[in-house]
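Below, each chain spelled out in residue letters.
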Amino acid sequence: MDLVELEAVEGLRWTWNSWPAEGGGSSLIIPLSIMCTPLMQSSGSEGEFPLLPYDPLLCSRCGAVLNPYARLDYQSRIWHCPFCFLRNPFPRPIADTNLPAELFPTYSTVEYSSPSPSPSPPPPPPALVFLLDLSSPEDELRHLKNHLLLLLHHLPDHALVALLTFDSMVYLHHLGYSHCSSLILFHGNRQLSSNQIRQFLNISRPHPLHLGQTPKQGFLLPISECEFAITAAIEEIHSTSKFTSHTRPPRCTGAAISVALGLLECCLINAGSRIMLFTSGSATLGPGIVVDSDLRQPIRTHHHIFNAQARHYAKSCTFYKQLSKRLSDASVVLDLFACSLDQVGAAELREPVERSGGFMILSDSFDSEQFKKCLRHIFKCDDQGHLEMNFDATIEIVTTKDVKICGALGPCVSLQRKNSLVSEAEVGQGGTCVWKLNTLTHKTCIAFFFQVNREQKIQPGSAFLIQFITRYRQGNMGHRKRVTTAARRWVANHSADIAAGFDQEAAAAVMARLAILRAETCHARDVIRWLDDTLIRFTSKFGDYVPEDPSSFRLSTNFSLYPQFMFHLRRSQFIDVCNTTPDETAFFRLVLNREGVVGSLIMIQPTLFQYSFDGPPVPVLLDIRSVSPDFILLFDSFFYVVIHYGSKIAQWRKLGYDKDPNHENFRKLLEAPELDAEQLVAERIPVPRIIRCDQHSSQARFLLAKLNPSVTQNSTYTEGSDIIFTDDLSLEVFLDQLQVLAVQS
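Residues numbered from 1 in each chain as written. Predicted model: local features only at pLDDT ≥ 70, side-chain atom pairs only at ≥ 80, totals over all residues. Heavy atoms only, no water.

**Focus: helix 4 (residues 223-236)**
Rules: Helix and strand definitions follow DSSP, with helices as H or I runs of at least four residues and strands as E runs of at least two, each counted in order from the N terminus. A helix's residues, less one, multiplied by 1.5 Å, set its expected span. The quantity called bend is, for any residue, the angle between two axes fitted respectively to the seven residues ending at it and the seven beginning at it. Note on classification: 1.4 Å probe, protein chains only; a residue is buried when its accessible area is under 20% of the maximum for its type, exposed when over 50%, partly exposed between these limits. By definition, residues are in contact when any of their heavy atoms lie within 4.5 Å.
Taking 1.5 Å of rise per residue, 14 residues should cover 20 Å, and helix 4 covers 18 Å from first to last C-alpha, within 8% of that figure. Along helix 4, the sharpest change in direction is near 35° and occurs at Ala-229. Within helix 4 the residues assigned to the buried category are Ile-223, Cys-226, Ala-229, Ile-230, Thr-231, Ala-232, Ala-233 and Ile-234. Along its buried surface, helix 4 packs onto helix 2 (138-152), strand 10 (160-166), strand 11 (169-173) and strand 13 (221-222).

Right, here's the structure in full:
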């Protein structure tokens, strides 16, 4: 079974599938880590996960769930925990003819649907708070209102909704008062606590006997009770921005988010809720301010931030970091839908959006196809009419005593629950064995980091186990638990199994997340220097060569693509922030930090397919030499898809040959990349932008910027190829220099 098939069964990709028994794993250069997709959807008969209608059986010492690696004593009705070796009683008679599903060797992943006790009250429904920017232009606000009104008609009747609008003030709409419009106003410059908001809204604290029930109020109501009121309120919304050539429109974005969160905290909605922020510009006042209203003050750039010249950046990031903690405590998701040609403050908002697991959508307009597709995807419902959303999740890791947990990178928060398995060496969200996720989808991927426990004596050839226990609520607020138990073997330090078990695609995805983590505090050139140093040490360790002889250098097939991935990573938009705004960089890094191995690899090294009359599309090198007048290229960088027409193809298209019945093959050639591009963007969120361009046109820059510059203005022989004007190293020069440095003693 190859690595992709194994991922379909386990939902895991390991950088190393065999771990060295000595040395703590640091000698491998690339860390011991696992890319975990907790809710990966099953694919095919091999990957079907059984759904068990009862609670899991837990070890009373370590908390591990019963799994296929447990030893059973049928006569004594005892199962031996494979993690801590404790003997646990089995609650019912058992024999090899009536084994429960979680003990089947083929079911390394199972899911439990816990039955709720009959006398317990029904769980509160999901809550959605819509936060609209009144300083948006009137035409943009009109498009947004139309989409929201259409969305409200498709929400489940029991879903709770609230509406807030903001400009220089925050307006909370009273949906329980249907006689006329009723608003509660909050000043945009003030930062209010949850208790202050409770007092302003006159929401009483619930009696201890009624904890878990939403207190009576008129701001957050089921859509079935307030559909007329919220529809009328949205229809009455109009833009309050007045165009001036000297000032920016007033926006108190931070205060508005704080009021929305305070409302949810007052109403005790702590099991599943979203704050959905729709904005068209940056905050100009109050907490979380991005830029002054005076247009003579430019909005911050990467240069301003790195040199501490962005006046409000540090203070706003501190405010949003505190807000992120409140979001996590209340299990609230913050989504950002920013539709503007200018920056909106996404860099400051990245912390609460990413940590809460929310969506960040940057688009040009609320009428764009990207925005509409994203909104439809988020609010999809299942066959029972419940939202296809998951809330209030935790991931717990249990390992055998020879493995220690270092931390995690992704849309999660450490719960600071330590035990003997937690390492002192923290990576990202560390110091815990349990992480909180306010929401997660079937594509959410977390990178977990481990190290070998030096205190344990490990025998090569023995097995170790890692178990992932994911608890979450579905859109119907029912509890689910998914348990994945994986086993691998310890090997001797110089065993050939180490190299054979290396997953270079997972390693590239993990190194990209580590590089992003380092880029938060280091300059881009220092991150590139760290990547280069790591790559040199890695190839020096695992390459075959004669010392001081670069021509003798060879890498086995398991390692051969890794240097190429690092070449593209070091010149990607995640590291090289030249020509990108802080908002764009925040968006790119946020998406990479939650995407799985396949998606991450497309971001790092995009794919390129060539279409011609000679046959079906074929993959070609990501190189300037692949550009030709006779071919159509389909380029996928995850964030945008480019259909690039060669100059001859473009000329024939302009002459209308595709409409001539005598040139049917040409028409089919033009249709093929269009159909493939639509398939690429169908299920991807955020929805990529499709760019159609001709060779030598201005839009072709989206493709040329990612191609290997093997032919530049300094090349002697171009052989009719296009030229990229750049001083960047080509892949060939990069690999030559790598070989020279790797073979040095």
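**Some points on the packing of helix 16 (residues 647-654) against helix 17 (residues 664-682)**
When two helices pack together, their arrangement is given by the angle between their axes and by how far apart the axes lie. Applied cut-off: Between the N-to-C directions of two axes lies an angle of 0 to 180 degrees, each axis being a line fitted to C-alpha atoms and, for a helix, fitted only over the stretch in contact. Each crossing gets its hand from how the near helix is turned against the far one by less than a right angle, where anticlockwise is left-handed and clockwise is right-handed. Residue polarity follows a fixed list, in which Ala, Val, Leu, Ile, Met, Phe, Trp, Tyr, Cys and Pro are nonpolar, Asp, Glu, Lys and Arg are charged, and the others, Gly among them, are polar.
Where helix 16 meets helix 17, the axes come as close as 12 Å, and the angle between the chain directions of the two elements is 115°. Seen along the crossing, helix 16 lies across helix 17 with a hand that is left-handed. Judged by residue contacts, Ile-649, Trp-652 and Arg-653 of helix 16 engage Phe-666, Leu-669 and Leu-670 from helix 17. Across the contact of helix 16 with helix 17, the residue classes tally to five nonpolar, no polar and one charged.

**Here we look at the pattern of salt bridges**
Just so we agree on the cut-off: One speaks of a salt bridge when a side-chain nitrogen belonging to Lys or Arg is within 4 Å of a carboxyl oxygen belonging to Asp or Glu.
Scanning the entire structure with this criterion turns up 34 salt bridges. Among the ionic pairs, Glu-505 bridges to Arg-13, the shortest N-O distance being 3.0 Å. On the criterion of sequence distance, the pair formed by Glu-505 in helix 11 (residues 504-519) and Arg-13 in strand 1 (residues 12-14) is long-range, its members being 492 residues apart. In this structure, Asp-526 engages Arg-529 in a salt bridge whose closest nitrogen and oxygen atoms are separated by 2.8 Å.

**Description of the nonpolar core**
In summary, soluble globular proteins display a tendency toward joint burial of nonpolar side chains. Basically, it comes down to this: Among buried residues, those of type Ala, Val, Leu, Ile, Met, Phe, Trp, Tyr and Cys that are joined through side-chain atoms within 4.5 Å constitute a nonpolar core.
Counting residues in hydrophobic clusters, the biggest one holds 148 residues, and the most contacted among them are Trp-16, Trp-19, Ile-275, Phe-448, Phe-450 and Ile-466. With eleven residues, helix 11 is the single largest residue contributor to this core. For Trp-16, the contacting residues outside a window of four places in its chain are Leu-28, Ile-30, Pro-31, Leu-32, Ile-498, Gly-501, Phe-502, Phe-538, Phe-542 and Phe-559. Leu-132, Tyr-171, Ile-230 and Phe-391 belong to the second largest nonpolar core, which has 41 residues in total.

**Things to note about unusual backbone geometry**
The omega torsion across Ile-685 and Pro-686 is 0°, close enough to zero to call that bond cis. When you line up the elements, Pro-686 lands in the loop between helix 17 and strand 31 (689-694). Unlike most non-glycine residues, Asn-202 shows phi in positive territory, near 60°. Along the chain, Asn-202 turns up in the loop between helix 3 (194-201) and strand 13. The exposure class of Asn-202 is exposed, given its relative accessible area of 69%.

**A short note on helix 7 (residues 313-329)**
The end-to-end C-alpha distance of helix 7 is 24 Å, a good match for the 24 Å that 17 residues give at a rise of 1.5 Å each. The set of residues buried in helix 7 consists of Ser-316, Phe-319, Tyr-320, Leu-323, Ser-324, Leu-327 and Ser-328. Looking at the buried side of helix 7, the elements it contacts are helix 5 (253-266), strand 14 (273-279), strand 15 (332-339), helix 8 (346-356), strand 19 (413-414) and strand 21 (434-439). At the C-terminal side of helix 7, Ser-331 shows a positive phi close to 55°.

**Quick word on the side chain of Glu-102**
Rule in force here: Identification of polar contacts relies on pairs of N or O atoms within 3.5 Å, with a donor-acceptor requirement for protein atoms, meaning one able to donate a hydrogen and the other able to accept it, and with residues adjacent in sequence counted only if both atoms are side-chain atoms.
Relative to the elements of secondary structure, Glu-102 occurs in the loop between strand 7 (87-89) and strand 8 (109-113). Taking the relative accessible area as the measure of exposure, Glu-102 reaches 2% and is therefore buried. For Glu-102, the side chain forms a polar contact with the side chain of Tyr-54, separated by 2.7 Å. Side chain to side chain, Glu-102 and Tyr-112 meet in a polar contact 3.4 Å long. Other than its neighbours up to four places away in sequence, Glu-102 contacts Leu-52, Tyr-54, Leu-66, Asn-67, Pro-68, Tyr-107, Val-110 and Tyr-112.

**Some points on the sheet that holds strand 7**
Put simply, the test is: Strand pairing requires that DSSP identify at least two bridges connecting the strands.
Taken in spatial order, the three strands of this open sheet run 5-6-7, and their pairing is antiparallel. Sheet topology places strand 5 (71-73) and strand 7 at the edges, where each strand pairs with a single neighbour. When the angles between neighbouring strand axes are averaged without regard to direction, this sheet yields 30°. As judged from the three bridges shared by strand 6 (residues 78-80) and strand 7, these two strands associate in the antiparallel manner. What sits directly across from Ile-78, in strand 7, is Pro-89.

**Considerations on the pairing of strand 18 (residues 403-409)**
The element strand 18 is largely enclosed, with a buried count of seven among its seven residues. Note: strand 18 against strand 20 (residues 422-428), three bridges, orientation parallel. What sits directly across from Gly-407, in strand 20, is Val-427.

**Observations regarding the sheet that holds strand 30 (residues 640-645)**
Strand order across the open sheet formed by five strands is 28-27-29-30-31, with mixed pairing between neighbours. Because the sheet does not close on itself, it has two edges, and the strands there are strand 28 (615-619) and strand 31. On average, each strand axis in the sheet is tilted by 20° relative to the strand beside it, whichever way the strands run. Alignment of strand 27 (residues 607-612) against strand 28, held across three bridges, turns out to be antiparallel. What sits directly across from Ser-612, in strand 28, is Gly-615.

**Quick word on the pairing of strand 22 (residues 446-452)**
With respect to burial, strand 22 is a largely interior element, six of its seven residues being buried. By the bridge criterion, five bridges tie strand 3 (residues 32-36) to strand 22 in an arrangement that is antiparallel. Of the residues in strand 22, the one forming a bridge with Leu-32 is Phe-450. Pairing geometry for strand 18 and strand 22, over six bridges, is antiparallel. Bridged to Leu-409 within strand 22 is Ala-447.

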